[in-house]
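Chain by chain, the residues run as shown.
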Amino acid sequence: MTELDAMRRAIQLAWQGWGRVAPNPLVGAVVLREGNVIGEGFHAEFGHRHAEAAALEGVGTGAEGATLVVSLEPCAHHGKQPPCTELVIQHGLARVVVAMADPNPVAAGGLDLLRAHGITVELGVMQAEAESQNASFLHQFKGLRRPFVALKLSTSLDSRIADRAGSSRWISGPEAREYVHWLRAGFDAIGVGGRTARVDDASLTVRGELVPRCTPKRVVFTRTGELSPTSRLLMTTTEAPVILARSGAGSLGMMDYADAAGVTVIQGEELAELLSKLWQSGVTSILIEGGGELAGSLLAGGLVDRFYWIQAPVWLGDRAIPAFQGVPAPLLGAADRWHVAERRPLGADTLLVLDRR
Ligand code: AOF
Ligand code: ZN
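So, here's what we can say about the structure. (Residues numbered from 1 in each chain as written. Chains lettered and ligands numbered in written order. Predicted model: local features only at pLDDT ≥ 70, side-chain atom pairs only at ≥ 80, totals over all residues. Heavy atoms only, no water.)

Glancing now at empty space enclosed by the protein. With the rule as written, the count across this model stands at one cavity of 30 Å³ or more. A volume near 210 Å³ is recorded for the largest cavity. Lining of the largest cavity is provided by 23 residues; of these, Trp18, Ala22, Ser136, Phe137 and Gly186 occupy positions nearest its centre. Sorting the residues of the lining of the largest cavity by element identifies α6 (135–139) and β13 (306–311) as the ones contributing at least two each. A per-element tally of the lining of the largest cavity places α6 first, with three residues. Tallied by class, the residues present in the lining of the largest cavity amount to 11 nonpolar, 10 polar and two charged. (1 Å grid on protein atoms, 1.4 Å probe; cavity = no way out; pocket = protein on both sides within 12 Å on 5 of 7 lines; lining within 4 Å. Points joined across faces, edges and corners; volume = space filled by probe spheres on them. Helix = DSSP H or I, 4+ residues; strand = E, 2+ residues; numbered from the N terminus. Nonpolar A, V, L, I, M, F, W, Y, C, P; charged D, E, K, R; others polar.)

Below, the discussion takes up the coordination of the zinc ion (ligand 2). Protein coordination of the zinc ion (ligand 2) is provided by His50 (ND1), Cys75 (SG) and Cys84 (SG), with donor distances spanning 2.0 to 2.2 Å. Taken together, the four donor atoms coordinating the zinc ion (ligand 2) and their angles of 97 to 118 degrees define a geometry best described as tetrahedral. Spacing between the donor residues of the zinc ion (ligand 2) along the chain follows H-x24-C-x8-C. With a gap of 34 residues between them, His50 in the loop between β2 (36–42) and α2 (51–56) and Cys84 in helix α3 (residues 84–90) connect regions that are remote in the sequence. (Donors = N, O, S within 2.8 Å, 3.2 Å for Na, K, Ca; no water. Tetrahedral: all angles 85-135°; square planar, octahedral: opposite > 155°, others 65-115°.)

Once that is clear, we can look at the sheet that holds strand β8 (residues 189–193). Within a beta sheet, neighbouring strands are joined by backbone hydrogen bonds and run either parallel or antiparallel to one another. The strand order across the open sheet built from nine strands is β11-β10-β9-β8-β12-β6-β13-β16-β15, with neighbouring strands paired in mixed fashion. The strands lining the two open edges of the sheet, one partner per strand, are β11 (263–267) and β15 (339–346). Along the sheet, successive strands turn relative to each other by an average axial angle of 20 degrees, direction set aside. Sheet topology places β15 next to strand β16 (residues 349–355); seven bridges connect them, and they run antiparallel. Residue pairing for β16: Glu342 is matched across the bridge by Val353. Contacts from helix α11 (residues 271–280) reach β6 (148–155), β9 (217–222), β10 (242–246), β11 and β12 (285–288) within the one sheet, and its direction differs from that of β11 by about 130 degrees. (Pairing = 2+ DSSP bridges. Axes fitted to C-alpha atoms, helices over the stretch in contact; angles between N-to-C directions. Contact = heavy atoms within 4.5 Å.)

On to the sheet that holds strand β3 (residues 67–72). Across the sheet, five strands lie side by side as β2-β1-β3-β4-β5; this open sheet has mixed pairing. In this open sheet, the two strands that pair with only one neighbour each are β2 and β5 (120–123). Strand-to-strand twist of the sheet, defined as the mean angle between neighbouring strand axes without regard to direction, takes the value 15 degrees. Summarising the sheet, strand β1 (residues 28–33) and β3 pair through four bridges and their orientation is antiparallel. In the strand pairing of β3, Val31 is matched with Leu68. The strands that helix α1 (residues 3–14) touches are β1, β2, β3, β4 (95–100) and β5; relative to β1, the one it contacts most, it runs at about 150 degrees.

Attention now moves to the site of ligand 1. Around ligand 1, 20 residues are found, and the nearest of them are His50, Ala51, Glu52, Gln81 and Asp102. Between ligand 1 and the protein, one listed contact pairs an oxygen atom with a backbone N or O atom of Cys75 at 2.9 Å. In isolation ligand 1 offers 510 Å² of accessible surface; the protein chains occlude 97% of this area. Here the shell around ligand 1 is built from residues that sort into nine nonpolar, seven polar and four charged. (Near = heavy atom within 4 Å. Polar contact = N/O pair within 3.5 Å; in protein donor to acceptor, adjacent residues only side chain to side chain. Areas by Shrake-Rupley, 256 points an atom, 1.4 Å probe, with all protein chains shown as cover.)

Within this structure, the stated rule accounts for 17 salt bridges. Each of the salt bridges in this network shares a partner with another, and the network as a whole consists of Glu3, Arg95 and Glu122. (Salt bridge = Lys/Arg side-chain N within 4 Å of Asp/Glu carboxyl O.)

For the rest of this paragraph, the subject is the layout of surface pockets. Volume-wise, the largest pocket comes out at about 1200 Å³. Together, 49 residues line the largest pocket, and Thr196, Asp200, Glu289, Gly290 and Gly291 are the ones closest to its centre. Of all elements in the fold, only β6, β7 (160–162), α7 (174–184), β8, α8 (194–200), β9, α11 and α12 (292–300) reach the threshold of two or more residues within the lining of the largest pocket. Per-element accounting of the lining of the largest pocket gives the leading share, six residues, to α8. A volume near 780 Å³ is recorded for the second largest pocket. Lining the second largest pocket we find 31 residues, and of these Glu129, Ser132, Gln133, Arg306 and Ala341 sit closest to its centre. Contributions of two or more residues to the lining of the second largest pocket are made by α1, α5 (127–133), α6, α7, β13, β15 and β16. Per-element tally for the lining of the second largest pocket: the top contributor is α5, with five residues. Per-class residue counts for the lining of the second largest pocket are 15 nonpolar, five polar and 11 charged.

Glancing now at the pairing of β8. Here β8 lies mainly inside the structure; five of its five residues are buried. As paired strands, β8 and β9 are joined by five bridges and run parallel to one another. Considered in β9, the bridge of Gly191 is made with Val219. Read from β8 through α8 to β9, the crossover connection turns out right-handed. Pairing between β8 and β12: three bridges, direction parallel. From the neighbouring strand, Ala189 faces β12, where its bridge partner is Ile286. (Buried < 20%, exposed > 50% of the residue type's maximum accessible area, 1.4 Å probe, protein only. Right-handed = clockwise from strand over helix to strand, strands pointing away.)

The next thing to look at is the environment of Gly92. Mapped onto the fold, Gly92 is located in the loop between α3 and β4. Judged by relative accessible area, which is 30%, Gly92 ranks as partly exposed. Each C-alpha atom, one on Gly92 and one on Ile119, is 8.7 Å from the other, the two residues being 27 residues apart in sequence. Discounting chain neighbours no more than four positions away, the residues touching Gly92 are Ala63, Glu64 and Gly65.

Geometric values such as these leave the question of function open.
Structure representation (structure tokens):
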């Protein structure tokens, strides 16, 4: 196996920490000796063993002179785990190949330390893939003081999120719905607009195979503040917290029973302020699942970091509900071009993952 293949494997292994390690990064590692894999592992659980330690377990003296291929710069700090650099040095590894540097100032500096011990270091192998995998971890160190915002929409070929009668069940197929439950598990919160919460009456809970370490909070962005006391969201507040994010005076009716229903209310002038309040309350990432008004406002406000687009092979026509409302219309030369991070089939549907440049 080449070092490049080993890095591909390390990144693939790292995905197994999805839903379990956040806000820490997804990390995978492979130990190579003369092109053979002699150890591999990943960061499986927040606060637990790092990927390097998992990969080196049981390798023993076989690691002497071998190469460690790891998707993140080995840490140089004593955190919940001892420094991985120490482990690498003790095992006598000769070479360390890394995809991306650690943006966490507390843990960084590992590569310099390894070099100082005579270990050869290569940084940047499959860097774009590793950075995309850890986009929400990287986001935490950008100083934006708002959560990593991902927009997930299932649309028709003509970018409609519901038919002309307002029904969105089901645009996409079972494979896509399974994927969305997996996706939800990796976010601190799931958000929707008020109208979508009312019309779809979705529960926004995680009901897939993967059980998240922390149950995502459910956030409803609304101007009026209205939510029916018999809605699925309010009937399930014991399963997962509900936050009502209000950006307008609206009616106060909801406030009367919000407390009793176990709903937290946050108030802000506009979306950016609501997002920063969510950040202050510990929400580091949020997956927004519609509707068109909220999606359009977030896009127009430059507040979307990533877009998960599931496109189903169906036409819904002009009178169906558009995926985005209120997005400005730039001329082609001035329009933002997004970076395609992933593109693959989900049953009959197509998944496109796009990152803002
Ligand atoms: C690595 N390998 O597998 C991971 C790293 O509190 P701790 O000890 O778990 O440290 C968390 C920090 O360490 C985290 O913010 C990130 O900078 C780094 N995570 N480092 O060498 C790993 N998960
Ligand atoms: Zn470490």
